[in-house]
Amino acid sequence: MDRRKFVKNSSAALCIAPALKWPGIFPKKTTEQKMPDWLVALVKRNDLGVESLLTYQIKNSGSPDLGGVKDGFDILNPHSTAALIQSGAWAVFSPDSKFFRSAGLLADMNLATKYLVKTQHADGTIDLLSTNFHSTPDTGFLVKRLAMAYTLIEKSGTPGTDAILPNLKTFLLHGGEALSKGGIHTPNHRWVVCAALTKLNELWPHKKYTDRISEWLGEHIDIDRDGQFNEKSTFIYSSLTDRLLITIAKGLKKPELLEVVRKNLNMTMYYVHPNGEIVTDASGRQDKAVIGTLENYYYPYRYLALLDRNGEYAAMCDLIEKTAGPKIGGFLDYFLTDPTLWADLPSRSALPIDYVKTFSNSGLVRIRRNNRDCTLIANNPVWFTFMKGEAVLQGMRFATSFFGKGQFQSEKITENGKSWELTQKLEGPYFQPYPKDSIDPDGDWEKMPRANRPQSEIQTLETKISIRETNDGMEVEISTTGTERVPFAVELIFRPGGTLQEAAKIENSKDSWLLKEGNGKYSFKNDTITFGPGVALHKNIALRGSLPAMDAPSVYLTGFTPVKHVIKFS
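Residues numbered from 1 in each chain as written. Predicted model: local features only at pLDDT ≥ 70, side-chain atom pairs only at ≥ 80, totals over all residues. Heavy atoms only, no water.

A. Looking closely at the overall build of the chain. Scanning the chain for helices and strands turns up 14 helices and 20 strands. With respect to the three principal axes, the spread of C-alpha positions in the chain is 80 × 65 × 45 Å. Expressed as a percentage of the 570 residues in the chain, the buried residues total 58%. Here the contacts in the chain between residues at least 6 apart in sequence split such that 68% fall between residues at least 24 apart. (Helix = DSSP H or I, 4+ residues; strand = E, 2+ residues; numbered from the N terminus. Buried < 20%, exposed > 50% of the residue type's maximum accessible area, 1.4 Å probe, protein only. Contact = heavy atoms within 4.5 Å.)

B. Spotlight on the sheet that holds strand E10 (residues 419-431). Read across the sheet, 8 strands follow the order E9-E10-E11-E12-E20-E18-E17-E14 without closing on themselves; strand pairing throughout is antiparallel. For this open sheet the edge positions go to strand E9 (414-416) and strand E14 (499-501), each flanked by a neighbour on one side alone. For this sheet, the mean inter-axis angle between neighbouring strands, taken without regard to orientation, is 20 degrees. Looking at chain direction, strand E18 (residues 527-532) and strand E20 (residues 564-569) are connected through 2 bridges and run antiparallel. Its bridge partner being in E20, Phe-531 is matched across the sheet by Phe-569. (Pairing = 2+ DSSP bridges. Axes fitted to C-alpha atoms, helices over the stretch in contact; angles between N-to-C directions.)

C. Representation of the pattern of salt bridges in the model. Overall, the coordinates contain 25 salt bridges when judged by the stated rule. Of the charged contacts in the structure, one is a salt bridge between Glu-219 and Arg-190, with a shortest N-O distance of 2.9 Å. Here Glu-219 is found in the loop between helix H9 (207-217) and helix H10 (237-252), whereas its partner Arg-190 is found in helix H8 (residues 187-203), with 29 residues between them in sequence. Using a relative accessible area of 45% as the deciding quantity, one classes Glu-219 as partly exposed. Across the pair Arg-348 and Asp-318 runs a salt bridge, and its minimum N-O distance is 2.7 Å. (Salt bridge = Lys/Arg side-chain N within 4 Å of Asp/Glu carboxyl O.)

D. Structural detail: the nonpolar core. Counting residues in hydrophobic clusters, the biggest one holds 106 residues, and the most contacted among them are Leu-39, Leu-105, Leu-146, Leu-172, Tyr-301, Phe-335 and Leu-336. Among the elements that line this core, the one with the most residues is helix H4 (residues 78-93), at 9 residues. In this structure, Leu-146 is in contact with Ala-82, Ile-85, Gln-86, Leu-116, Leu-168, Phe-171 and Leu-172, ignoring residues within four places of it in sequence. Counting residues in hydrophobic clusters, the runner-up holds 38 residues, among them Phe-384, Met-396, Leu-422 and Val-476. (Core = buried A, V, L, I, M, F, W, Y, C linked by side-chain atoms within 4.5 Å.)

E. Layout of a nonpolar patch on the surface. A cluster of nonpolar side chains, namely Phe-73, Ile-75, Leu-129 and Phe-133, defines an oily patch on the protein surface of about 360 Å² accessible area. Tracing the backbone through its elements, the reader meets Phe-133 in strand E2 (residues 132-135). (Patch = residues over 30% accessible without salt bridge, like charges linked within 9 Å, V, L, I, M, F, W, Y side chains within 5 Å. Areas by Shrake-Rupley, 256 points an atom, 1.4 Å probe, with all protein chains shown as cover.)

F. Geometry of the pairing of E20. The alternating pattern of E20 places His-565, Ile-567 and Phe-569 on a buried face, while none of Lys-564, Val-566 and Lys-568, on the opposite face, is buried. With 6 bridges connecting them, strand E12 (residues 473-482) and E20 associate as antiparallel partners. Considered in E20, the bridge of Met-474 is made with Phe-569.

G. Focus on the packing of aromatic side chains. Inspection of the entire model under this criterion finds 20 aromatic pairs. Their ring planes at 35 degrees and their centres at 6.0 Å tell us that Tyr-299 and Tyr-303 sit as a pair that is tilted. Residue Tyr-299 and its partner Tyr-303 are both found in helix H12 (residues 298-308); the two are separated by 4 residues, about one turn of the helix. The two residues Tyr-299 and Tyr-303 agree in class, both being buried. (Phe/Tyr/Trp six-rings, centres within 6.5 Å; stacked < 30°, edge-to-face > 60°.)

H. Focus on the environment of Gly-68. Take Gly-68: it is sitting in the loop between helix H3 (37-54) and H4. Placed 41 residues apart in sequence, Gly-68 and Met-109 show a C-alpha to C-alpha distance of 9.8 Å. Discounting chain neighbours no more than four positions away, the residues touching Gly-68 are Tyr-56, Gln-57, Ile-58, Leu-76, Thr-81 and Tyr-115.

I. Summary view of the environment of Ala-549. Within the secondary structure, Ala-549 is located in the loop between E18 and strand E19 (554-560). Spatially, the C-alpha atom of Ala-549 lies 12 Å from that of Val-382, the residues being 167 residues apart in sequence. Here Ala-549 is in contact with Arg-397, Glu-491 and Tyr-556, once residues within four sequence places are set aside.

J. Region of the structure containing the side chain of Asp-71. Its place among the elements puts Asp-71 in the loop between H3 and H4. Buried and unpaired, Asp-71 has no salt bridge, with Lys-70 as the nearest side chain of opposite charge at 8.6 Å. Among the polar contacts listed, one links the side chain of Asp-71 to the backbone nitrogen of Ile-75, at a separation of 3.0 Å. (Lys, Arg positive; Asp, Glu negative; His and termini not counted. Polar contact = N/O pair within 3.5 Å; in protein donor to acceptor, adjacent residues only side chain to side chain.)

K. Structural view of the environment of Ile-126. Examined against the element boundaries, Ile-126 turns out to sit in strand E1 (residues 126-128). A sequence separation of 363 residues divides Ile-126 from Ala-489, and the C-alpha atoms of the two residues are 49 Å apart. When sequence neighbours within four positions are dropped, the list of residues in contact with Ile-126 reads Pro-78, His-79, Gln-120, His-121, His-134, Ser-135, Asp-138, Thr-139, Leu-142 and Phe-171.

L. A look at H9. Looking only at H9, the buried set comprises Tyr-209, Arg-212, Ile-213, Trp-216 and Leu-217. Buried residues of H9, viewed axially, fall in a sector of 135 degrees; they line one side. Relative to its buried face, H9 has exposed residues pointing more than 90 degrees away, namely Lys-207 and Glu-215. Looking at the buried positions of H9, the neighbouring elements they touch are helix H7 (161-179), H8 and H10. (Arc of directions from axis to C-beta.)

M. Structural view of the pairing of strand E7 (residues 391-400). Where burial is concerned, most of E7 is hidden: 9 out of the 10 residues are buried. As defined by bridge partners, strand E6 (residues 384-388) adjoins E7 across 3 bridges and the pair is classed as antiparallel. Within the sheet, the bridge partner assigned to Lys-388 lies in E7 and is Ala-391. The loop that links E6 with its antiparallel partner E7 comprises 2 residues; one of these, Gly-389, has a positive phi angle of about 60 degrees. In this structure, E7 lies alongside strand E13 (residues 487-494), joined through 7 bridges in antiparallel fashion. Paired with Met-396 across the bridge in E13 is Leu-492. Note: E7 against strand E8 (residues 406-407), 2 bridges, orientation antiparallel. What sits directly across from Thr-400, in E8, is Gly-406. Hairpin connection, E7 to E8: the antiparallel pair is bridged by 5 residues, and Phe-403 has positive phi, about 50 degrees.

N. Fine view of H12. Of all the 11 residues making up H12, 9 are buried; the element is thus mostly covered by neighbouring parts of the structure. Those residues of H12 lying buried are Tyr-298, Tyr-299, Pro-300, Tyr-301, Arg-302, Tyr-303, Leu-304, Ala-305 and Leu-306. Downstream of H12 by a residue or two, Arg-309 has a phi angle that is positive, lying close to 55 degrees.

Shown next as structure tokens:
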């Protein structure tokens, strides 16, 4: 299981609590002297999460695991335990919480803190039980947010703070020892460590913290000319990096880091689907092609909208509130510890909704026309997506049975006039006898590699896919040259939950369909995508060497090479 799923299951505050009624809690006007209504709603939602987390806590005084909190898999771990401290701090600090200044909740949080101290390794690290052990970066994830919890607890005036704060300080300072010298795995881990050390330095200034921060920052920030970070993780790690860099910039007075954040936020505005989801197709991490909304970007957009008086960023906040409002609650500590974020947003500016934008470093082209959009992707077997409102073509794939290696993907996207081209060239050779003077005396096939054998009867298959805009959508032309009579299958992968018309269900399949002729339709709620014309010259949709079908309704067009077929989407 990846970190995101693990932490999600660990943090019942964010995944178990039912949704509150949301419309209208983001008013145009707020009062800076008290918490605005939208923040109060998040606080009350957090109360449900606190109640849920408490049901997972070990309360048996005779248990060696006293205070620990289990996750959804019944595994005691630092992350779910820290989640109780974190969410509990939000609650005891907030006057509108039912747990405001609750001595009882604070006592349970102290038990959780003692469990963290008890299970923390001698080197100051903790474990991410799904994958990383004695992990400095995972310690950083916890330390950063628990340092914010420390501040909220200290300022809350809750009876019993003199008991929990020394224990929490012990955990944080011990973690600081690991963060001051431990290693990392990924690009964003550097900024996780730096942000955690920044928060520690705010509480207990120390040269070793700032020295280590300077060492990591000396590697420079990994952002490209498109405005994307190295991992291209638009749903998880790009937004995380934005939040971390803001923390470092504020805490160490390094405003130049905010320029990096602005560059990423400006790019992200062109990664938004009409329904408020974010484009994830080019990600290099576990969020690749996942369905994700923009809640993780709310804090960076709000912070810089207010700082810069930026109307586009303010409009992005409105969009996130509308499409992912309740999910913002996972970042409640950012808003509780910085009352400047309670202010009204500046006047809104129009967001980009009519554009063609190429992101060459990411191998991505974005085409949006108000309520519909299209994404082209290089280096990916899914190279085309199409959305019309809530109706979603999640992906388009093309495969042939050419020597078991015919799954199409293109190394690059080339713009040619008013079209974009993706290409692939495959060869299928046969091999002649091995050179006599190099034959292995034992006849060991592995010691006579194909690379050293003469080739003959070399078959070739070149595929070109041309994609063009039309007045009401897109058209995709698939053509091949070379070897003939090679079976092919075009695969149109739609989002589950909609209805298909005009396509015929393939016998003994879960959700696979053939479009034999004419146009098909896929509808979801009030939106419909029309596609076609179809062709079905065979029923083999699981060609040798092709990827398995996705767990989604998929419509196939089939035939044999050479092919020249245009599919229109409108």
